[in-house]
Amino acid sequence: MSLMEKLDGGVSLLAGGTDLLVAMKDGRLRHRTLVDIKHISNLGAIRPEDAGLCLGAAVNTRTIARSPLVKERFPLLSQALAVLGSMQIGNRATIGGNLANASPAADSAPALLALEASVKLVGPQGERLVPLENFFSGPGKTVLERELLTEIHVPSAPDQGRGVFYKLGPRGAPEDICIVSVAVFAVPDASKRIWTDVRIALGAVAPTPIRARNAEKALLGQLIEGRTVEDAARLAAEKDARPISDIRGSASYRRAMVKILVARALEQLSER
Ligand SMILES: Cc1cc2nc3c(=O)[nH]c(=O)nc-3n(C[C@H](O)[C@H](O)[C@H](O)COP(=O)(O)OP(=O)(O)OC[C@H]3O[C@@H](n4cnc5c(N)ncnc54)[C@H](O)[C@@H]3O)c2cc1C
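For the structure given in this document, a descriptive report is provided here. (Residues numbered from 1 in each chain as written. Predicted model: local features only at pLDDT ≥ 70, side-chain atom pairs only at ≥ 80, totals over all residues. Heavy atoms only, no water.)

## Comments concerning the overall build of the protein
A tally of helices and strands in the protein yields eleven helices and 13 strands. In terms of overall dimensions, the protein is globule-like: its C-alpha atoms have a radius of gyration of 19 Å, near the 19 Å expected for 272 residues. A principal-axis box enclosing the C-alpha atoms of the protein has dimensions of 60 × 45 × 35 Å. In the form shown here, the protein has an accessible surface area of approximately 13,100 Å², with 50% of it arising from carbon and sulfur atoms. Averaging the coordinates of the 35 positive side-chain charges in the protein and doing the same for the 29 negative ones gives two points 4 Å apart. (Helix = DSSP H or I, 4+ residues; strand = E, 2+ residues; numbered from the N terminus. Rg over C-alpha atoms; globule rule 2.2 N^0.38 Å. Areas by Shrake-Rupley, 256 points an atom, 1.4 Å probe, with all protein chains shown as cover. Lys, Arg positive; Asp, Glu negative; His and termini not counted. Charge placed at Lys NZ, Arg CZ, Asp CG, Glu CD.)

## With respect to the nonpolar core
Nonpolar side chains tend toward joint burial in soluble globular proteins. In terms of nonpolar packing, the biggest core is built from 39 residues, with Leu77, Leu99, Leu112, Val119, Phe135, Ile152 and Val154 touching the most fellow members. Those elements giving two or more residues to this core turn out to be strand S4 (52-56), helix H3 (61-66), helix H5 (75-81), helix H7 (95-100), helix H8 (108-114), strand S5 (118-123), strand S9 (148-154) and strand S11 (180-189). Take this core: its biggest share by element is five residues, from H8. Of the residues that make up this core, three or more belong to each of domain 1 (37-154) and domain 2 (162-271). Not counting the four nearest positions on each side in its chain, Ile152 is found in contact with Leu53, Cys54, Leu55, Ala57, Ile95, Gly96, Leu99, Leu112, Ala117, Ser118 and Val119. Within the second largest apolar cluster, 33 residues are counted, among which are Val180, Val198, Leu202 and Ala206. (Core = buried A, V, L, I, M, F, W, Y, C linked by side-chain atoms within 4.5 Å. Buried < 20%, exposed > 50% of the residue type's maximum accessible area, 1.4 Å probe, protein only. Domains from an automatic or database assignment. Contact = heavy atoms within 4.5 Å.)

## Quick look at the site of the ligand
Within the structure, the ligand sits among 30 residues, and Leu13, Gly16, Thr18, Asp19 and Thr94 are positioned closest to it. For the ligand, a nitrogen atom lies 2.8 Å from a polar atom in the side chain of Asp107. Contact distances for the ligand include 2.9 Å between a nitrogen atom and a backbone N or O atom of Leu149. Breaking the shell around the ligand down by element, the ones donating at least two residues are strand S1 (11-14), H7 and S9. The greatest single-element share of the shell around the ligand, amounting to three residues, is contributed by H7. Each of two domains, domain 1 (37-154) and domain 2 (162-271), supplies a minimum of three residues to the shell around the ligand. (Near = heavy atom within 4 Å. Polar contact = N/O pair within 3.5 Å; in protein donor to acceptor, adjacent residues only side chain to side chain.)

## Focus: the sheet that holds S11
The strand order across the open sheet built from four strands is S10-S11-S12-S13, with neighbouring strands paired in antiparallel fashion. Sheet topology places strand S10 (162-168) and strand S13 (210-211) at the edges, where each strand pairs with a single neighbour. Pairing of S11 with strand S12 (residues 194-203), which is carried by nine bridges, proceeds in the antiparallel orientation. The residue bridging Ala183 from the neighbouring strand is Ala201, located in S12. Contacting S12 and S13, helix H10 (residues 226-240) runs over the sheet at an angle of about 30 degrees to S12. Contacts from helix H11 (residues 251-271) reach S10, S11 and S12, with the element oriented near 150 degrees to S10. (Pairing = 2+ DSSP bridges. Axes fitted to C-alpha atoms, helices over the stretch in contact; angles between N-to-C directions.)

Taken by themselves, the reported measurements are silent on function.
This is the structure we're talking about:
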């Protein structure tokens, strides 16, 4: 922190470098000083925290995807990180870098949003805990102010909760930057057959990764049946998603895919 203060903003943090170095090579970014944060020891651990989890920001995404603790407590997160880039990328790319880079298509974001994670930011003024939903402020933008993202806190989730992650890419390969991604975490009340706690998060269909609040609201307290699934999927596509057209897909294709993937995820969760 004192180094960041001393260099007065003229410093950029280097974690795995899979976004930063590419941008520097392309000439999109120039930095006076790079500070490598990978070997700061307390950024490198995965720890249980009550029934939740604390992830050091410099842990690479493949290590998290393969962690037995993460697989056991938060299989949704394992599932999402298992398809974040190739093996080589996953071995370099850190979870903190994936969030701080703030791509709307970042693969870790929808799962962490659905799990209601928070991020710890540390700077010269002290530290603060920010819900991930308030962390992103636009494409490539966050609320970081000369701060280091040090930890990601994932709170405990109900035992009966189940999650599903879908990533739609141009080739269906893990290396794809997604056209649309969907993470759904739900705790359906199996005895009464109603939706009690449903969290739907979407990637690559808005300026930031988002929660699909309209779709979630429509499900709460409703019967688990085809009609409610269809209504929620339509709301996610029409009211929550605000996609643009770009080289990976048109806005209308993205909306159509949100509808299909949200419905598919909800159906899968209701079958269990
Ligand atoms: C070939 C290729 C394939 C890819 N495929 C995918 C994919 O499938 N899915 C996906 O989501 N991404 C993908 N990416 C993007 C990239 O790998 C990820 O976003 C990665 O997680 C970034 O982490 P990093 O450690 O490499 O970050 P870096 O490149 O080191 O840093 C990225 C940015 O975050 C800042 N930063 C890093 N750590 C911190 C911190 N702790 N606190 C504050 N700021 C910080 C840096 O200063 C920089 O601005 C791909 C990239 C490449 C090159």
